[in-house]
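# Chains, contacts and geometry: an overview
One-letter residues, chain by chain:
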Amino acid sequence: MVKREDTQRFPCRNCGANMVFEPDTQSLFCPYCESRIDITKENDGIQEYDFFSVQDSMPGDWGREKRIIHCESCGADTVLDSTSMAEFCAFCGSSHIVRNEGQAGIPPESLVPFRISAKKAKECFSTWINKRFFAPRALKTSYYMNRLSGVYIPCWTYDANTYSTYTAEAGTYYYETVREWVVENGKRKQVTKQVRKIRWRHTSGIYSDEFDDVLVNASSKIDEGLMRKLEPFDLSALVRYKPEFLSGFLAEKYSIGLKEGWEKAKCHIDDCIRRGVIDKINADEVRNLHIRTKYDKIKFKHILLPVWISSYTYKNKVYRFLVNGQTGEVQGKSPVSPWKVAAVILLVLAVGAAVYFGYTYYKGI
């Protein structure tokens, strides 16, 4: 039998039942006697920590209000409160869950509270699935929605100042007039035309930029593509982390560490720098671009973002979907009707054929 560690509860002062966070009212709510307690939100003084001194300054756990469970089926580690349903995993639905003796790691500095309730999330999903143009018509009436779980997804945000030097070849278009022979109406004749060419020159320079709150998903259990499509999250709504916000919800432990997350952030930063350098060069084309960048004043935050996670079943196949717990944005996969796809292809081909034959007929006249 797995031994539970001490956890923090939020008992109702009227009936003693555990209170849970209610997105609609942004307060603790008792599902038995319907009592509510306001939660004081603190958004002043949210700190960003120096990237290189994190091991010396950050504690190793989130305190005693949370515990970690480990799913033996998919391997997900989840931090949850003492009253959360421990018999299922939010990521795979498995009931084989045991406690992981590991620590939760760097604690979250802040979070974006859930704004979308479970009821509203289901409504958003229904609207989304009814708009799937290529989905089978029967999907809208015959799917079965599985358990909907509210999960706080761990993320890193990074700040950095960058100083880059670059070299490249900048190309400028110019045109030359050339003469060539063509056959027209069975007769050979000479025509002139403009030919575009490129004049290349060496260029180099300096490019500096500042980056604020570059967001990196710290979960390996959430599809990176779907998570990106859920964005944007309004990070101005971040509030200081309080366990009250997690009552009745799950919070996943980050599986992408701070240093690995920084490498992902650097990829995004480098892409932005590359685009900025190309814009600065201001040429028609750029080739052989080489950039060397120094990163300074790197800071980070560990934050939690609200996501509703679920799946639905259609013809014995499971499709996963996510709902942004702040905005209601829905992203997921849906079945595709081959008949609808074929119909669209045929329509495009028919339109293309009509345009071609119409143009041919016009030229013939």
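For every chain, the first residue of the written sequence is number 1, and numbering continues from 1 along that sequence. Per-residue local features are limited, in this predicted model, to residues with pLDDT of at least 70; the limit for side-chain atom pairs, both in listing and counting, is 80 or more; totals at the level of whole chains, interfaces and linings are taken over all residues. Processing note: side-chain calculations cover all non-hydrogen atoms of the structure and skip hydrogens and water entirely.

### Some words on the pairing of strand S10 (residues 149-184)
Sheet faces and side chains relate simply in a regular strand, where the side chains alternate between the two faces. Following DSSP output, two strands are said to pair if at least two bridges run between them. Runs of E in the DSSP output that reach at least two residues are strands. Runs of H or I that reach at least four are helices, and both are numbered from the N terminus. In this structure, S10 lies alongside strand S14 (residues 285-314), joined through 21 bridges in antiparallel fashion. Bridge pairing in S14 places Pro 154 opposite Leu 304. Judged from the two bridges that link them, S10 and strand S13 (residues 250-252) form a sheet pairing that is parallel. Paired with Val 151 across the bridge in S13 is Leu 250. Note that S10 and strand S11 (residues 187-217) share 29 bridges and pair antiparallel. Bridge pairing in S11 links Tyr 166 to Gly 205.

### Here we look at a nonpolar patch on the surface
Candidates for patches are residues over 30% relative accessible area with no salt bridge; among them, like charges are joined within 9 Å and nonpolar side chains (Val, Leu, Ile, Met, Phe, Trp, Tyr) within 5 Å. Using a 1.4 Å probe, accessible areas were evaluated by the Shrake-Rupley method; residue-level cover was limited to the displayed protein chains. What counts as a salt bridge is simple: a side-chain nitrogen of Lys or Arg found within 4 Å of a carboxyl oxygen of Asp or Glu. There is a patch of nonpolar side chains on the surface, built from Ile 345, Leu 346 and Leu 349 and spanning about 320 Å² of accessible area. The residue Leu 346 is located in helix H6 (residues 338-364) in this model.

### Points about the state of the cysteines
Pairs of cysteine sulfur atoms within 2.5 Å are what we label disulfides. Taken as a whole, this structure holds zero disulfides when the rule is applied. Residue Cys 15 stays outside any disulfide, its sulfur separated by 3.4 Å from that of Cys 30, the closest cysteine.

### Here we look at the sheet that holds strand S2 (residues 27-29)
If you trace the three strands from one edge of the open sheet to the other, you get S1-S2-S3, paired in antiparallel fashion. Each end of this open sheet is capped by a strand with a single partner; those strands are strand S1 (20-22) and strand S3 (36-38). Averaged over all pairs of adjacent strands, the angle between strand axes in this sheet comes to 35°, irrespective of strand direction. Convention adopted: a line fitted to C-alpha atoms gives each axis, helices being fitted over their contacting stretch, and angles between N-to-C directions are expressed from 0 to 180 degrees.

### Here's the deal with unusual backbone geometry
The omega torsion of the bond from Glu 231 to Pro 232 falls at 10°, within 30 degrees of zero and hence cis. Of note in this structure, Gln 26 is not a glycine but carries a positive phi near 55°. Along the chain, Gln 26 turns up in the loop between S1 and S2. Here Gln 26 falls in the buried class, since its relative accessible area comes to 9%. One non-glycine residue with positive phi stands out, namely Asn 316, at about 65°. With respect to the element layout, Asn 316 can be found in the loop between S14 and strand S15 (317-324). Each residue gets one of three labels from its accessible area relative to the maximum for its type: buried under 20%, exposed over 50%, partly exposed in between, using a 1.4 Å probe on protein chains only.

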